[in-house]
Every structure is written in structure tokens, then in C-alpha cells.
Amino acid sequence: MSVTLENGIKQESGSSNADDGEGNGLCLICGDKATGKHYGASSCDGCKGFFRRSVRKNHLYSCRFQRSCVIDKDKRNQCRFCRLKKCFRAGMKKEAVQNERDSISKKPKEEDKKYGLTTQSLLSADILSRPASSPPESVSLEKEADYNDICESMRQQLLILVDWAKHLPCFPDLQLDDQVALLRAHAMEHLLLGVSRRSLGLKDVLLLGNDLVIPRTAGDPDVRRLASRVLDEIAQPMRQLNIDDTEFACLKAIVFFNPDAKGLGEPQKIKALRFEIQTTLEDYISDHQYASRGKFGEMLLLLPTLQNIAVQLTEQLQILKLFGVAKVDSLLQEMLLGGVSA
């Protein structure tokens, strides 16, 4: 089946309550360096933002212990119930948050995203493009993939990638050339992210999109080497970080909206889109994880490794095509190998 990427696409603010002082004291909530008086209490930017989000979103927290947790610079993210209680005890007032919202009601709310790239929209795009049978109810470890099986899985996942992009709220509004450029630029990295995610529940095995497997002990030395890298350098860190579906959806979108993609006509807009996703992910991690300190940075540190393995895999695919070892169709050629058939 001959598929062109163009046809495939066509078818388918900070607080205003801070005082004017130097803010040289300590935060009354966590003891970090205070940046001023926020909502009625001297506090750092972290506690200011936490209190604002908690009040605006009307969060109801619970304490896993005895409601007497230590809240300091290092442990402030471990119990949101006790942190919010300490905010109130320090003198922070709900009314101050409401007054701030009223004073800027004619401006976009902080929670509103200019391009609609919220955690919900990103997660929805991932779910809507996901095959109904993914992941499978059971996995046969005896169904080891050969080179043609691997290429067929890649082809299937590339079609899913195009479908996923169409569900992103801002993607249809981009110039067609920019849509194509983004889909081509990091397609291999998306394939690696996908196979790593599908394999999180397995040990020493990669589960492909067509439900075949590549074990760490694969017979082909090149396949074995690449499989080991994916398992050790991508899947294992993702497992250790306990990346949930929303975080994965954000990470996938960060990889996708790369302003350095070759052939972009509006790189500054793509940069703005990626920044919005990064702040969305950062806020989500801060709001939803007890032990979130450093997780955002650790997730971003996966990207250079992901890119390095993608380059290695692309070179291997070129070799397979050159020697006729595997069938590389027009879709793989266009999205993974530069778009020019030899």
C-alpha cells in the first residue's frame, strides 16, 4: 500500500499580592527563601503557587499519617494536606486569591492554555488514537519477531502516530508543510517511546505493536544490542519514575513539538506549543505527586538517550533496506528514512 504523509494528514501569572519589600526573610510555610508577602503571609514562590492552585481548584487533600507532617524545603511536596493547613496557619487567606482572580478577570486565567494543550486534551489524543486491543490481554513470549515483523509493527505504529497528531487541538491549524515536518522529524523516537511503554509490565522483553516480542536474548546480535538499550535506557527509567498515562502523553507531545524540526515554516509557534506542554506537565507533576521533587527533570533527561537510540535504529533500518533483508515500504521510507526512495 502506497501512502503519502501529506495525503494521510489531509484525510484523516504571578501573584499581584506580593509586597514591595525585598523578600529577604524565610517562607513561613517551608522555610525556603521568601520572595515577599503573598496572600497574607511571607512565603516563597513555591508555596504561593501551591496555595493559589489549591484554592482556585478547590482541592480536597488527605493526610496519610497523623496530620502532623513536617513541612520544610525538602519535604513540602510529600503531604499537601499538612502543607495547605500550614499555609492557613501562617496567615494566607482564600479571599486574597479570589480578589486576585477578580482583578484580572478580563485577562486569560493561569489555568487556561492559549493553544488548548491541557493534560486532558493530550491524554484524550493518546486514548483516542490507541487501538482497542492495546495492550493485549495476554502476551505469548514464543512469538519472537523477525525483521519483517519489526517493520510491519513500525508501519502500524506510524499510522497511529498520524492519527494521534490529528487529535491534538492545535495540529490541524498548522501549515500543512509544518504538519509533515513534525511527523517526519521524530517519528522513530515516538516508536521507541511506544514500545517502551507497552513493555513496562514485562521483564527483559519488548512488546511490539503487532503483539510480537523481541527478547533481550534475541538471536540477531544487532537486534539484541538495540533491544537491550531500549530496555535498560528507556523502559527501565520510565518504570522507576512510575510515569502515568498523563505524564506519558505530555512527554510524547514534548518530543513531537520540536522547533528544531527540519523544514518548519513557523518554528517560533512550535516553540510556544512545546513550552505550553512543558509547563502543563510541570504543574501536573507538582499537583498530583507526593514525592515529585526532581521528577520533571528526570523525565526530560530521557530525551537525549531516546534521540541517540533512534539514530542507531534508523541506521540499522537503512542497512536492512540496502541489503534487502526486510521490506521497507513507502510509509517507512517517507517518515523514517528521509522521504527519498533509493
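Keep in mind that what you see is a predicted model, and the values were worked out from it rather than measured.

Rules of the game
Residues numbered from 1 in each chain as written. Predicted model: local features only at pLDDT ≥ 70, side-chain atom pairs only at ≥ 80, totals over all residues. Heavy atoms only, no water. Disulfide = S-S within 2.5 Å. Salt bridge = Lys/Arg side-chain N within 4 Å of Asp/Glu carboxyl O. Helix = DSSP H or I, 4+ residues; strand = E, 2+ residues; numbered from the N terminus. Buried < 20%, exposed > 50% of the residue type's maximum accessible area, 1.4 Å probe, protein only. Phe/Tyr/Trp six-rings, centres within 6.5 Å; stacked < 30°, edge-to-face > 60°. Core = buried A, V, L, I, M, F, W, Y, C linked by side-chain atoms within 4.5 Å. Contact = heavy atoms within 4.5 Å.

Draft legend 1. Examining the state of the cysteines more closely. Enumeration according to the criterion identifies 0 disulfides in this entry. There is no disulfide at Cys63, and the cysteine sulfur nearest it, in Cys69, is 3.7 Å away.

Draft legend 2. Up close: the pattern of salt bridges. Summed over all chains, the structure comprises 15 salt bridges. Here Arg198 ties to Asp211 by a salt bridge, and the two come within 2.8 Å at their closest N and O atoms. Placement of the pair is Arg198 in helix H8 (residues 187-198) and Asp211 in the loop between strand S3 (205-207) and strand S4 (213-215), with a sequence separation of 13 residues. Given a relative accessible area of 15%, Arg198 falls into the buried group. Exposure remark for Asp211: the relative accessible area of 28% places this residue in the partly exposed category. Notably, a salt bridge pairs Arg225 with Asp222, separated by 2.8 Å at the nearest N-O pair. Linking Arg225 with Asp222, this pair stays in helix H9 (residues 221-241), spanning 3 residues, or about one helical turn. A residue is classified by how much of its surface remains accessible, and Asp222, at 24% relative accessible area, is partly exposed. Here the residues in one salt-bridge network are Asp126, Arg130, Arg197, Asp245 and Lys252, joined through shared partners.

Draft legend 3. Highlighting the packing of aromatic side chains. Scanning the entire structure with this criterion turns up 6 aromatic pairs. Between the aromatic rings of Tyr39 and Phe51, the centroid separation amounts to 5.8 Å while the plane-to-plane angle is 40°, which identifies the pairing as tilted. Highlighted residues: Tyr39 in the loop between strand S1 (36-38) and strand S2 (41-43) and Phe51 in helix H2 (residues 45-56), separated in sequence by 12 residues. Here Tyr39 falls in the buried class, since its relative accessible area comes to 1%. For Phe51, a relative accessible area of 0% gives the class buried.

Draft legend 4. Molecular detail of the nonpolar core. The biggest cluster of nonpolar side chains holds 72 residues, and the ones touching the most others in it are Met154, Leu158, Ile214, Phe256, Phe257 and Leu336. Counting residues per element, this core draws most heavily on helix H6 (residues 147-167), at 9 residues. Look past the residues within four positions of Phe256 in its chain and what remains in contact with it is Trp164, Ala165, Leu168, Phe171, Leu182, Leu183 and His190. One finds Ala41, Val55, Ile71 and Cys87 within the second-largest nonpolar core, a separate group that totals 21 residues.

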